[in-house]
Amino acid sequence: MKKIMIVLALLLMLAACSNSDDATGNQNTADDGNSANENNAVDHGIEDKEVGFTLGDDGKVIEAEVPAEEGAAILAAYQEYIDAFNAEDLERYMNVISENPEGFDREEDRKALEETFAAYDTTYKTSDETIVKYEENRAEVYATNIVTVKDPNSEKATEQSGRQVVVFQKEGNEWRVSSLHFIGNQ
């Protein structure tokens, strides 16, 4: 079960990979545990730290204004990202990942998922998919998620629910995943 929890944490933090090999000691500061490089687990390498979503008075996520055609393309890319992950199809999954992601190392992500897909049955269930920010070549999609990781050789499984914002960037005519930010429910 401990392995399953580790894999679940890995899956939820794929975009938070750090390229730093430097180990620094605890200095008793608020930054302890945060990598000093530009791709740390707190800001995911994003210079604009305003990734997120806003709730309206009704408690629902506020949608961004998006041209209809672009909105459909962004949500289709998001669905392909989820479907490829659920199919555990690594090549299909990597086709929706940015060539130059903002928040993680593409090859580290590939290796981690290859190991995870080989060892566990993984599933994302999403709902409330909403484009919460939109610019010409960048978009953010909010969704609520339930991630299930199951040991295929037993009945052991673990589940984590939460909210996620996936940042997409446009490469050519394709929307690709550039980073993700997950807030787990307790």
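In this report, we go over the structure that sits alongside the text. Values in this document were obtained by computation on a predicted structure and should not be read as measured data. (Residues numbered from 1 in each chain as written. Predicted model: local features only at pLDDT ≥ 70, side-chain atom pairs only at ≥ 80, totals over all residues. Heavy atoms only, no water.)

Here we come to helix 2 (residues 68-86). Look at helix 2: 27 Å from first C-alpha to last across 19 residues, which is about the 27 Å you get at 1.5 Å a residue. Glu 88 sits one or two residues past helix 2 and shows a positive phi near 55 degrees. (Helix = DSSP H or I, 4+ residues; strand = E, 2+ residues; numbered from the N terminus. Expected span 1.5 Å × (residues − 1).)

Tallied over the entire structure, the rule returns 7 salt bridges. Residues Arg 92 and Glu 80 are paired through a salt bridge, measuring 2.6 Å at the closest nitrogen-oxygen approach. Here Glu 80 lies in helix 2 and Arg 92 lies in helix 3 (residues 90-95), a separation of 12 residues in the sequence. A residue is classified by how much of its surface remains accessible, and Arg 92, at 30% relative accessible area, is partly exposed. When the shortest N-O distance is used, the salt bridge between Glu 171 and Arg 176 registers 3.5 Å. Relative accessible area serves as the criterion here: at 18%, Arg 176 is assigned to the buried category. Via salt bridges that share partners, Glu 91, Glu 107 and Arg 110 belong to a single interconnected network. (Salt bridge = Lys/Arg side-chain N within 4 Å of Asp/Glu carboxyl O. Buried < 20%, exposed > 50% of the residue type's maximum accessible area, 1.4 Å probe, protein only.)

We note that Glu 88 has phi near 55 degrees; this positive angle belongs to a residue other than glycine. For Asp 128, which is not glycine, the phi torsion reads 60 degrees and is therefore positive. Topologically, Asp 128 is positioned in strand 1 (residues 121-135).

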